[in-house]
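One-letter residues, chain by chain:
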Amino acid sequence: MAVCIAVIAKENYPLYIRSVPTENELKFHYTVHTSLDVVEEKISAVGKALVDQRELYLGLLYPTEDYKVYGYVTNSKVKFVIVVDSSNTSLRDNEIRSMFRKLHNSFTDVMCNPFYNPGDPIQSKAFDGMVSAMMVQAC
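Residues numbered from 1 in each chain as written. Predicted model: local features only at pLDDT ≥ 70, side-chain atom pairs only at ≥ 80, totals over all residues. Heavy atoms only, no water.

Per an unreviewed UniProt entry, the chain goes by the name Trafficking protein particle complex subunit 2-like protein and belongs to Aldrovandia affinis.

Take a look at the structure:
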């Protein structure tokens, strides 16, 4: 089950963070921001190696005792982070990729909105509804 979904801007400030148990919201903010160091390491490692530059999915960033943190980076260096409950062993890698693809498509829709100023926090009801559906679906 996805317990937290975050969209982080190129400059590493949050555009959108949503967590399911709201009493642990500060803990998830901390988890997302600590994962940015791992994201930066993986991005720089990909830049040095001659691997496929179109691979946006970073995979498992790091596991903790309670959660697994996955990452994804767009071509414009916007980062998506999904925190998944470790007790959910049925969630496979291709399902995580599918969640990131849906998130990226919905983020693209937000960016295409002429009334959205890039860099502002995401307040789109459609985006929020899609994230809520992903969190419920992943249960």
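Help me understand the overall build of the chain, please; the structure alone is not making it clear to me.
A tally of helices and strands in the chain yields 3 helices and 5 strands. In sequence order, the secondary structure elements of the chain are arranged as β-β-α-β-β-β-α-α. For the chain, with 139 residues in total, the buried portion stands at 41%. Considering only contacts in the chain between residues 6 or more positions apart, those separated by 24 or more positions represent 55%. On the chain, roughly 7,900 Å² of surface is accessible, and the fraction owed to carbon and sulfur atoms is 54%. Each charge class in the chain can be summarised by its mean position, and for the 14 positive and 16 negative side chains these summaries are 6 Å apart. (Helix = DSSP H or I, 4+ residues; strand = E, 2+ residues; numbered from the N terminus. Buried < 20%, exposed > 50% of the residue type's maximum accessible area, 1.4 Å probe, protein only. Contact = heavy atoms within 4.5 Å. Areas by Shrake-Rupley, 256 points an atom, 1.4 Å probe, with all protein chains shown as cover. Lys, Arg positive; Asp, Glu negative; His and termini not counted. Charge placed at Lys NZ, Arg CZ, Asp CG, Glu CD.)

Please explain unusual backbone geometry as it appears in this structure.
Peptide bonds are, in most cases, trans, and in most cases residues other than glycine have a negative phi. With phi around 70 degrees, Asn12 is a residue other than glycine that occupies positive phi space. Structurally, Asn12 can be placed in the loop between strand 1 (2-8) and strand 2 (14-19). Note on Asn12: relative accessible area 31%, which makes it partly exposed. Not every positive phi belongs to a glycine, and Lys77 is a case in point at roughly 70 degrees. Exposure remark for Lys77: the relative accessible area of 39% places this residue in the partly exposed category.

Sorry if this is basic, but what is going on with the pairing of strand 4 (residues 67-73) here?
As a general feature of sheets, a regular strand has side chains that alternate between the two faces. The buried fraction of strand 4 is high, at 6 of 7 residues. Looking at chain direction, strand 3 (residues 57-63) and strand 4 are connected through 5 bridges and run antiparallel. Bridging from a neighbouring strand, Pro63 pairs with Lys68 of strand 4. Connecting strand 3 to the next strand, strand 4, in antiparallel fashion are 3 residues. Summarising the sheet, strand 4 and strand 5 (residues 79-85) pair through 7 bridges and their orientation is antiparallel. (Pairing = 2+ DSSP bridges.)

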